[in-house]
Amino acid sequence: MKLKPEEITAVIRDRIENYDLATSEENIGYVLTSGDGIARLYGLQDAVYGELLEFENGSTGMAMNLVEDNVGCILLGSDREIKEGMTAKCTGKVFSVPVGEELIGRVVDPLGNPIDGRGPINTTETRPIESPAPGILERQSVNTPLQTGIISIDAMTPIGRGQRELIIGDRQTGKTAIAIDTIINQKGKDVICVYCAIGQKASSVATIKSTFDKYGAMDYTLIVASTAEQSSTVQYIAPYAACAMAEHFMRQGKDVLIIYDDLSKHAVAYRAVSLLLKRAPGREAYPGDVFYLHSRLLERAARLSDKIGGGSLTALPIVETQAGDISAYIPTNVISITDGQIFLETELFYSGQRPAVNVGFSVSHVGGDAQIKAMKKIAGPLRINLAQYREMAVFAQFGSDLDDSTKRQLMQGERLFEVLKQPQYSPYEVEEQVVLLYTAVNGNLMDIEKEQVGDFNRGLLNFIKTSDQALLDGILSEGQMTPELEEKLNADIAAFKDSWNA
């Protein structure tokens, strides 16, 4: 075969002209130590806080400590596969989780992996777990109620869409029960719910899931679960991952409710991570930025302005106290961040008052702005009446000679507390709450035995639902008690009392 010089020249010229001089540069580091969900790496001078790091075996971590001679990162998976001397590189990305409609009805871990045995989740969208909270100009005032279905809360510590209301109390006082009832009550109200379990037993999460299934709540609910057997690092990122999934729906203009159960365990997990990273301990061994830990999470709850969709994210964080001490470190931190708190008292719980809401310590900074006018009018004197009753009941036990007015006030207070008692998994619609409170506040229960108040109320609601549903529809549509509605309600109460006494 004869080669022509001009052909050889053409090939050489083409190779020279199209020679690719592009070079790739990667910031590579080496694992110094690994264990307890933490890895220390030498090198990685260009790493930034919160950046996603990738190890040579495909595992990932998140940069948390940037010191002079090494980078401390939390591992997003098992630490058994990370060995000393293994290489890792910066990815230039932040840790993101999958988001989208496909997540609704599923149970996932904080990394977005399904753990309900129903196969993979087919979603292509992701969102960073850390994102800045909406600014002042992006928000609007909170004035739309988010009904919990629990009379004592909707009447005296109302929650608005976009609010952050803390649920606080000792262990086993019904904090999670309030959160579950609130989610169940959102059925048919066009609210997407996210339940974030932090450091709970897997059996507890399974029980909550089966409860939601039973009441049809999983149709609009997503559960993000970091169980107790998972590492502290995974428990630490759980609420941020859940918030990112919820924010996706809020940015689409939808109303979202998110439950953090609970932030006490989250703070403990962060303390463990910080101590493993050799950060300086402060009060109660928590690191100095433990306030920022929760403030940057809860500030992401907001009601967005109509210009950017008008969606809302309502946060109900749960915090556990020890022996009712709300002045402890984490409780006071979260109280100062939120827009009010629902305080559950052990003494009330064991005396049979369920839910055990302490009226004196519970408060909502949004107040009547998040109530319909009918509820606002009826519930106005309720808190004062209950506080006066509790104070009077303390003095009444020391003496037997009470005047008629005091006896009547004590009787009224007893019946008001009976009205506020409510079985679990049986939330009331707002118009039903208005009927029950109107009946109690106007003295219609004074001739009913205290022990029979619950049965009387259930009977009254059934009577009105079957014979005068238009009354309930009228309260809901009008939003207030017009003279005509009030007259109809008084007539219904009188008619039912006649049949009850008969």
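Residues numbered from 1 in each chain as written. Predicted model: local features only at pLDDT ≥ 70, side-chain atom pairs only at ≥ 80, totals over all residues. Heavy atoms only, no water.

A. Layout of the sheet that holds strand β16 (residues 363–364). Spatially, 8 strands are ordered β8-β12-β11-β13-β14-β10-β15-β16 in an open sheet, and the strand pairing comes out mixed. Strands at the two margins of the open sheet, each flanked by one partner only, are β8 (107–108) and β16. For strand β11 (residues 191–200) and strand β12 (residues 221–227), the ladder comprises 7 bridges, and the chain directions are parallel. Looking at β12, one finds that Q200 is bridged to T227. Sheet strands touched by helix α3 (residues 175–184): β10 (166–169), β11, β12, β13 (255–261), β14 (312–320) and β15 (340–344). Its angle to β14, the strand with the most contacts, is close to 160°. (Pairing = 2+ DSSP bridges. Helix = DSSP H or I, 4+ residues; strand = E, 2+ residues; numbered from the N terminus. Contact = heavy atoms within 4.5 Å. Axes fitted to C-alpha atoms, helices over the stretch in contact; angles between N-to-C directions.)

B. Structural context of the environment of R139. Mapped onto the fold, R139 is located in the loop between β9 (126–128) and α2 (151–156). A sequence separation of 172 residues divides R139 from G311, and the C-alpha atoms of the two residues are 9.7 Å apart. Discounting chain neighbours no more than four positions away, the residues touching R139 are A133, P134, E299, A301, A302, R303, L304 and S305. Within the local environment of R139, its side chain forms a polar contact with the backbone oxygen of P134, the two atoms lying 3.0 Å apart. (Polar contact = N/O pair within 3.5 Å; in protein donor to acceptor, adjacent residues only side chain to side chain.)

C. Here's a closer look at the packing of aromatic side chains. Tallying each qualifying case throughout the model produces 12 aromatic pairs. Centroid distance F349 to Y350: 5.3 Å. Interplanar angle 90°. Geometry classified as edge-to-face. Assessed through its relative accessible area of 16%, F349 is described here as buried. What makes Y350 exposed here is its relative accessible area of 59%. Both rings, one in F456 and one in W500, keep their centres 5.4 Å apart while their planes meet at 85°; by these two values the pair is edge-to-face. One end of the pair, F456, is in helix α14 (residues 453–467); the other, W500, is in helix α16 (residues 483–501), and 44 residues separate them in sequence. A relative accessible area of 0% means that F456 is categorised as buried. Residue W500 is classed as partly exposed on the basis of its relative accessible area of 29%. One aromatic cluster in this structure is built from F456, F463, F496 and W500. (Phe/Tyr/Trp six-rings, centres within 6.5 Å; stacked < 30°, edge-to-face > 60°. Buried < 20%, exposed > 50% of the residue type's maximum accessible area, 1.4 Å probe, protein only.)

D. Looking closely at the side chain of T123. Among the secondary structure elements, T123 is positioned in the loop between β8 and β9. A polar atom in the side chain of T123 sits 2.6 Å from the backbone oxygen of V99. Residues within four places of T123 in sequence aside, it is in contact with P98, V99, G100 and E102.

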